Amino acid sequence: MPLFHTDDQAMLLDTARPFLAEQAPVAHMRALRDADDRTGFDPALWARFAEMGFCGMLIDEADGGLGLGAVEAGIVLEEIGRNLTPSPFLATAVGAVTALKGGSRDQRARWLPRIAAGEAVAALAIDEGGKHRPNRIALTAARSGNGFTLRGTKRFVAHGHVADLLIVAARTAGGSDEPDGITLFAVDKGAAGLTAAADRLADASLSAQLRFDDVQVDADAVIGELDGGWAGLTRTLDAVRTGAASELLGVGTGAMARTTDYLQQRKQFGVAIGSFQALQHRAAHLYSELEIARAAVLKAQQLLDAGDPAAERAVMVAKAMAGLATTLVVQEGVQMHGGIGMTDDYDIGFFMKRARVLAELFGDSDFHADRLARASGY
Amino acid sequence: MSELDDFRAETRAWLEGNCPAEMRTPIRSDDDVCWGGRNPTFSSPEQKLWLDRMAERGWTVPDWPRDYGGGGLSPAESKALREEMARLGCRSPLYSFGISMLGPALLKYGTEAQKQDHLPKIARGQIRWCQGYSEPNAGSDLASLATSAEEDGDDFIVNGQKVWTSYADKADWIFCLVRTDKTVKQGGISFLLFDMASPGVSTRPILLISGYSPFCETFFDDVRVPKANLLGERDKGWDVAKYLLGHEREMISAMGLGTGGGPSLGKIAVEAIGAEPDGRLDDPVLRARIALFEVRAAAFRAMSERFLDELKAKRTHPAQPSMMKYVGTELNKQRHELMMAAGGSDALEWESDRSHGGAGARAWLRTKANSIEGGTSEVQLNIIAKRILALPGA
């Protein structure tokens, strides 16, 4: 398969790009922030996502979805990134849907139609510390009666305070660092003993801290195998890591476009500052970094969709490279904008803040480079 | 199975049956590289056998038309062949500026007679070409070149000097930029093909920091070249030159992919330095540097695949080879810096047998030219800024 979009994928892009640019440009995010929105996204926009078929795009056709893959999800996510659109798309339509693919028929029947219809939002409750370490799960799920009792905390849970469904990684066996003994649970909103507090992050997004104080769930809340949740967790994480890489790429591309435009428009010493070679070379370097990041992300998506075992490494490369490239682009973007780039009035700073959050989400570049090194035997 | 799957399966079987075992081992030094030519040197009978077998199928140039000695493969088939060769670790049977640089220009600008004359010999490795571009006073500002070609009946008389001519002392023919009009810069350049055995051609190898002399000074003293050897129109050679440079940049960018087949940087470092009980390199800072490098190298491999796919589908930006060249060469330089760091004092050996005559150290030094030859990194960045980013006055 050639490493570029198929005609169908190009058509999806032709739909998604104007949709996001018109319905949810950066001004949309700014307006939500200025209104001190506490939901974290605009429910009316989420309903439009459902109408467009985006919410159910990864759901299998047998379960009422479009049966599309990581490449298609990436197309939507790149536009989300380009417009800095606050959206539960990544956690819900990519993360929860991927997790639920490993779930029971009942779980799929209960959640997938509601997700596809835009009626349910989901959140991924995985991280517990300040850095992404998915094997370090200390939140316990102890057997009790016909089900389990969940006790512990989760952090950095986007949409966790409003989600109808929480995908929770819990420890049912093994030591606190071990991949074995982790189990995934589907936990409903409003479960007794569950409290969620949303904090605003640097990029104005909302991130929940969840407390599980002896939250009771039935045995049928287990997604996939008891104690064997690592595989499903890894699948889910690879999907959202790749998705986050696409969103990062969108953030980087948006910042790059604004920066290039500024270099063309802004005049000093009587000429456009983009005529200075010192800036031209830096801009050309940013372009190059984004291009190779784009290739790495598409490669990971295609391999994921093909079920190729090489996808695992490609995902590490994609998330790490997208993080490196976009981090550089947004930093240089602010610098090249000069003083105006430091103002809240100008959008370029938003790109830098969003990039920082996405770079951290589901493992930063260092984390994935380290995994790549381990996988390569050094 | 699709036709492509069939092709892939047949190709795999053929390669397994026909690529000699020695040709599936990583290249250790320049001696392992086969350049062909009128007086070819082969480091082993297997090297010759591998070239002959591949040339017979047209697979030294899989995507060229069969009429010109190519394999006539579709883009998808060429890609499958490349992937299968990489999977088995097959060496490239033939390194050739005729294949990577002149061939594409001949296919686009050559007359039928020129194509028939030159392409099959390139494909079979019978004629080795060199490139006469740079001059002592025309480096990054290539279009200021002064080597002249004056009309004389059915011939041109060529006078002047080229420099950095790779392997000019070993090449059979040269493709050469000459000035046919002194009154205009780019519009006064023509593209000539001629035999290096012509009277009046002489070469002088230049000793480089690597201790090797891959580059030469090349002198032309009243060299007589038939007008029929003009590629493209007279005074329109700059178009040919730029087209060819795009292909040259692609070729050089491929260095960013690494040699392939050999041990990875991390493995080389573990071998040389040792590992912690959990397998991690016993040098955490170098390990981190290698890991971050490998992220970018892997991303660049994906980019190379994407670039080739887009190129075949005619959907790549014409200036994209500049990006490929820039990133690929900078990566290759970084790779060799890391190899030297991983190897420590062992990597410094210059003459010993176990280092294959200092192959590693010499290769490290050789890579420093990657970001200079074929247009410096700075020239590539200028091109990206001007032609892709549309920045003003670039």
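The model shown is predicted, which means the values in this text are computed figures rather than measured ones.

Draft legend 1. View of the overall build of chain A. Across its full length, chain A holds 11 helices and 10 strands. Its C-alpha atoms give chain A principal-axis dimensions of roughly 80 × 50 × 40 Å. In chain A, buried positions account for 55% of the 378 residues.

Draft legend 2. How the structure looks around the overall build of chain B. The helix and strand inventory of chain B stands at 11 helices and 7 strands. For chain B, whose C-alpha radius of gyration is 22 Å, the value lies close to the compact-globule estimate of 21 Å for 394 residues. With respect to the principal axes defined by its C-alpha atoms, chain B has extents near 75 × 45 × 45 Å. Each of the 394 residues in chain B was classed as buried or not, and the buried ones make up 45%. For chain B, contacts bridging at least 24 residues in sequence account for 70% of all contacts bridging at least 6.

Draft legend 3. Up close: the environment of Ile348(A). Residue and element names in this part refer to chain A. For Ile348, the position within the fold is in helix H10 (residues 348-360). Here Ile348 falls in the buried class, since 22 other C-beta atoms lie within 10 Å of it. For the pair Ile348 and Gln331, spaced 17 residues apart in the sequence, the C-alpha separation amounts to 9.5 Å. If near-sequence neighbours (up to four positions away) are discounted, Ile348 is found in contact with Ala255, Arg258, Gly333, Val334, His337 and Gly341.

Draft legend 4. The arrangement of the packing of helix H1 (residues 7-23) of chain A against helix H4 (residues 70-83) of chain A in detail. Residue and element names in this part refer to chain A. Here H1 crosses H4 at 25 degrees, and the two axes come no closer than 9 Å. The angle between the axes of H1 and H4 places the two elements in the roughly parallel class. Of the two elements, H1 crosses H4, and the hand of that crossing is right-handed. Along its contact with H1, which presents Gln9, Leu12, Leu13, Ala16, Arg17, Leu20 and Ala21, the element H4 presents Val71, Glu72, Ile75, Val76, Glu79, Ile80 and Asn83. A per-class count over the contact of H1 with H4 returns 9 nonpolar, 2 polar and 3 charged.

Draft legend 5. Layout of the domain arrangement of chain B. Here chain B is described as being made up of domain 1 (3-95), domain 2 (129-236) and domain 3 (258-388). Averaged C-alpha coordinates put domain 1 of chain B and domain 2 of chain B at centres separated by 31 Å.

Draft legend 6. Representation of the interface of chain A and chain B. Contacts between the two partners involve 35 residues from chain A and, on the opposite side, 40 residues from chain B. Secondary structure elements with two or more residues in the side of chain A that touches chain B: helix H7 (230-265), strand S10 (271-272), helix H8 (277-305), helix H9 (311-337) and helix H11 (365-375) of chain A. Among the elements that make up the side of chain A that touches chain B, the one with the highest residue count is H8(A) (14 residues). Here the residues of the side of chain A that touches chain B sort into 22 nonpolar, 10 polar and 3 charged.

Draft legend 7. Quick peek at the confidence of the model for chain B. The predicted model of chain B averages 94 in pLDDT, with 98% of residues at 70 or higher. Confidence estimates for the predicted assembly give a pTM of 0.92 and an ipTM of 0.96.

Draft legend 8. Here's a closer look at the nonpolar core. Ile167(A), Phe185(A), Ala296(A), Val317(A), Met321(A), Val295(B) and Ala299(B) are the most contacted members of the largest nonpolar core, which has 164 residues in total. If you tally residues by element for this core, the top one is H8(A), at 15 residues. In contact with Ile167(A), other than residues within four places in its own chain, are Gly95(A), Ala96(A), Ala99(A), Ala122(A), Leu124(A), Ala125(A), Leu184(A) and Ala186(A). Within the second largest apolar cluster, 68 residues are counted, among which are Leu15(B), Cys34(B), Tyr95(B) and Tyr167(B).

Draft legend 9. Seen up close, unusual backbone geometry. The residue Phe362(A) is not glycine, and still its phi comes out positive at about 60 degrees. According to the C-beta neighbour criterion, Phe362(A) is buried, with 28 such atoms within 10 Å. Positioned with a positive phi, Trp164(B) is a non-glycine residue whose angle comes to about 60 degrees. By the secondary structure assignment, Trp164(B) is in strand S3 (residues 155-166).

Draft legend 10. Expanded view of the packing of H4(A) against H7(A). Residue and element names in this part refer to chain A. Where H4 meets H7, the axes come as close as 7 Å, and the angle between the chain directions of the two elements is 40 degrees. Between H4 and H7, the interaxial angle falls into the category oblique. In this structure, the crossing between H4 and H7 has a hand that is right-handed. In this structure, H4 uses Ala70, Ala73, Gly74, Leu77, Glu78, Glu79, Ile80, Gly81 and Arg82 to contact H7, whose residues at the interface are Ala239, Thr242, Gly243, Ser246, Glu247, Leu248, Leu249, Gly250, Val251, Thr253 and Gly254. Here the residues of the contact of H4 with H7 are counted per class, giving 8 nonpolar, 8 polar and 4 charged.

Draft legend 11. Representation of the domain arrangement of chain A in the model. Residues and elements named next belong to chain A. Each assigned domain of chain A is listed here: domain 1 (7-121), domain 2 (124-228) and domain 3 (231-375). Each of domain 1 and domain 3 has a C-alpha centre, and these two points are 21 Å apart. On the domain 3 side, the residues contacting the 20 residues of domain 1 number 26 residues. No other element matches the 10 residues that H4 contributes to the side of domain 1 that touches domain 3. Residues belonging to the side of domain 1 that touches domain 3 are distributed by class as follows: 11 nonpolar, 6 polar and 3 charged.

Draft legend 12. Spatial organisation of the pairing of strand S5 (residues 182-188) of chain A. Residue and element names in this part refer to chain A. In terms of burial, S5 is a largely internal element, 6 of the 7 residues being buried. Note: strand S4 (residues 165-171) against S5, 7 bridges, orientation antiparallel. When the bridges of S5 are listed, Leu165 appears paired with Asp188.

Draft legend 13. Up close: the environment of Ala120(A). Residue and element names in this part refer to chain A. Along the chain, the position of Ala120 falls in the loop between helix H6 (105-116) and strand S1 (122-125). Look at Ala120 and you get buried, because 20 C-beta atoms sit within 10 Å. Distance in space between the C-alpha atoms of Ala120 and Ala244 is 21 Å, their sequence separation being 124 residues. Those residues in contact with Ala120 that lie beyond four places of it in its chain are Trp111, Arg114, Ile115, Asp164 and Leu165.

Draft legend 14. Structural view of the pairing of S3(B). All names here are of chain B. Here 5 bridges tie strand S2 (residues 148-152) to S3, and the two strands are oriented antiparallel to one another. Across the sheet, residue Ser148 finds its bridge partner in S3, namely Asn159. Summarising the sheet, S3 and strand S7 (residues 215-226) pair through 10 bridges and their orientation is antiparallel. What sits directly across from Gln161, in S7, is Phe219.

Draft legend 15. Local environment of H11(A). Looking only at H11(A), the buried set comprises Ser365(A), Phe367(A), His368(A), Ala369(A), Leu372(A) and Ala373(A). Taken from the residues just after H11(A), Gly377(A) is the one with a positive phi, measuring 80 degrees.

What counts, and at which threshold
Residues numbered from 1 in each chain as written. Chains lettered and ligands numbered in written order. Predicted model: local features only at pLDDT ≥ 70, side-chain atom pairs only at ≥ 80, totals over all residues. Helix = DSSP H or I, 4+ residues; strand = E, 2+ residues; numbered from the N terminus. Buried ≥ 20, exposed ≤ 12 C-beta atoms within 10 Å, placed from the backbone. Rg over C-alpha atoms; globule rule 2.2 N^0.38 Å. Contact = placed C-beta atoms within 7 Å. Axes fitted to C-alpha atoms, helices over the stretch in contact; angles between N-to-C directions. Parallel < 35°, antiparallel > 145°, perpendicular 65-115°, else oblique. Left-handed = near helix turned anticlockwise from the far one by under 90°. Nonpolar A, V, L, I, M, F, W, Y, C, P; charged D, E, K, R; others polar. Domains from an automatic or database assignment. pLDDT = per-residue confidence, 0-100. Core = buried A, V, L, I, M, F, W, Y, C linked by C-beta atoms within 7 Å. Pairing = 2+ DSSP bridges.

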